[in-house]
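# Observations on chain architecture
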Amino acid sequence: MTMTNPLPVQTAPGKPPLVLADCGPDAEGWTAHHRAALRGAVAQHGAVLVRGLGLRSPDRIATVFRMIGGDLIPEREPFAPREHFPNGLQSTTPWPANQQMCMHHEQSFASAVPGLMMFACITAPTRGGETGVADGAAVLNALPPPLVERFAREGWVLARNYNDEIGASFADAFGTADHHAIEAYCRANAIEFQWQPDGGLRTWQRRSAVMTHAPTGRRSWFNQIAFLSEWTMDADVREFLVDTYGPQGLPFTTLFGNGEPVGKGIVDLMTEVYNAHTMREPWRPGDVLLVDNLRCAHSREPYEGQREVLVGMAEPIRPALPAPLPGRPA
């Protein structure tokens, strides 16, 4: 056990650090009193599970989230529509219950990313459904150095195809169907775009794959290369999409910074390393998980039964874009 004064933080192999909140019905008062200690625990460990707050309503969850992280921010360029609440909370990203959601740093493809992720469990599944966390520096150190250095040098590219048949439409992702407004957003956020003859939209955005976590000075693996890869789709789904739209028409995939595809073997390797460094704890109703999004990736395990976890994003940060590649425009 380690201590973050005045809160004891319980640590155990394979589990996220745990704080037990002895607060009775006054979760708000307890949070206000212990906010600095909670933030200190997140700074020390990267992620902390707080158990015992007993939060079961969106209004109370939003109040506690704002106490911890300040104003909540909306999602940018979503892949699937979430449910949004008036108080700034969002549902988790829709994902099949029987499929693993791969480790990722939230919104690491965007020009501004949340520095703090907050999750609150209202309904816990009967089995599985954990929100796992993994330290980005540990993941980076476990990957082959030549692969890390290539991504550090080139960055990574997210390629997306928007249409009205699968996934989020460009109107959903950009909050407007106006072509001129979408083009202005893309130019302002370093996104290349191409309107398709059928009215769809194809985009590419090159982002840094490795960052230095400023508070600790540690290099961290910070991206969504594996999560948004075509190779983490269900095999039958990928085959159907390739047959229907062609290999260049998938709703999303990831590339090396120079545009070369990231192969299945590399994605499988990343997934293995993530799995080896995942910390997980079954949800209980009322639990709150705080995650430093720049330091730790998070995932979601397959589950059975009903699962309701609400999300709050806060403290936006603009990571540096990768340097231009030789012979290529910025």
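Quick summary incoming for the structure in this document.

Definitions and cut-offs
- Residues numbered from 1 in each chain as written.
- Predicted model: local features only at pLDDT ≥ 70, side-chain atom pairs only at ≥ 80, totals over all residues.
- Heavy atoms only, no water.
- Pairing = 2+ DSSP bridges.
- Helix = DSSP H or I, 4+ residues; strand = E, 2+ residues; numbered from the N terminus.
- Axes fitted to C-alpha atoms, helices over the stretch in contact; angles between N-to-C directions.
- Contact = heavy atoms within 4.5 Å.
- Salt bridge = Lys/Arg side-chain N within 4 Å of Asp/Glu carboxyl O.
- Buried < 20%, exposed > 50% of the residue type's maximum accessible area, 1.4 Å probe, protein only.
- Core = buried A, V, L, I, M, F, W, Y, C linked by side-chain atoms within 4.5 Å.
- Parallel < 35°, antiparallel > 145°, perpendicular 65-115°, else oblique.
- Left-handed = near helix turned anticlockwise from the far one by under 90°.
- Nonpolar A, V, L, I, M, F, W, Y, C, P; charged D, E, K, R; others polar.

### Observations regarding the sheet that holds strand S15 (residues 252–256)
The strand order S11-S12-S10-S15 describes an open sheet built from 4 strands, whose pairing is antiparallel. At either end of the open sheet lies a strand with only one pairing partner, and these are strand S11 (191–195) and S15. Strand-to-strand twist in this sheet, taken as the mean axis angle between neighbours without regard to direction, amounts to 20°. Note: strand S10 (residues 156–162) against S15, 5 bridges, orientation antiparallel. Bridge pairing in S15 places Val 157 opposite Leu 255. Docked against the sheet, helix H4 (residues 145–154) engages S10, strand S12 (201–207) and S15, running at close to 100° with respect to S15. Contacts from helix H6 (residues 179–188) reach S11 and S12 within the one sheet, and its direction differs from that of S11 by about 150°.

### Some remarks on the pattern of salt bridges
For the structure on display, the rule yields 16 salt bridges. A salt bridge links Glu 75 to Arg 82, with the shortest nitrogen-to-oxygen separation between them at 3.0 Å. With a relative accessible area of 9%, Arg 82 lands in the buried category. Residues Arg 82 and Glu 106 are paired through a salt bridge, measuring 2.8 Å at the closest nitrogen-oxygen approach. One end of the pair, Arg 82, is in the loop between helix H2 (58–69) and strand S5 (90–91); the other, Glu 106, is in the loop between strand S6 (101–104) and strand S7 (113–123), with 24 residues separating them in the sequence. Here Arg 82 matches Glu 106 in class, with each residue buried.

### A few points about unusual backbone geometry
Unusually for a residue other than glycine, Glu 77 sits at a positive phi of about 55°. By secondary structure assignment, the location of Glu 77 is in the loop between H2 and S5. Here the phi dihedral of Glu 315 falls at roughly 60°; this positive angle occurs in a residue that is not glycine. Relative to the assigned elements, Glu 315 resides in strand S19 (residues 308–317).

### Topic: the sheet that holds S6
Taken in spatial order, the 3 strands of this open sheet run S6-S17-S9, and their pairing is antiparallel. Pairing within the sheet leaves two strands with one partner each, and these edge strands are S6 and strand S9 (133–135). On average, adjacent strands in this sheet sit at an angle of 15° to one another, irrespective of strand direction. Pairing geometry for S6 and strand S17 (residues 296–300), over 2 bridges, is antiparallel.

### Section: the nonpolar core
Grouped together as the largest cluster of nonpolar side chains are 33 residues, with contacts concentrated most on Phe 151, Trp 221, Ile 225 and Tyr 274. Elements represented by at least two residues in this core include exactly S6, helix H3 (136–142), H4, S10, S15 and helix H8 (264–276). The element best represented in this core is H8, accounting for 4 residues. Among all residues touching Ile 225, those that are not within four sequence positions of it are Phe 151, Trp 156, Ala 209, Thr 254, Val 262 and Met 270. Judged by nonpolar contacts, the second largest core, of 31 residues, contains Val 9, Val 42, Ala 120 and Leu 290.

### Details of the packing of helix H1 (residues 27–45) against H2
Running from amino to carboxyl end, H1 crosses H2 at an angle of 30°, the nearest separation of the two axes being 9 Å. The angle between H1 and H2 falls in the class roughly parallel. Along this stretch, H1 crosses H2, giving a crossing that reads as right-handed. The segment H1 lies against H2, with Ala 27, Glu 28, Thr 31, Ala 32, Arg 35, Leu 38 and Arg 39 engaging Arg 60, Thr 63, Val 64, Met 67, Ile 68 and Gly 69. By residue class, the composition of the contact of H1 with H2 is 6 nonpolar, 3 polar and 4 charged.

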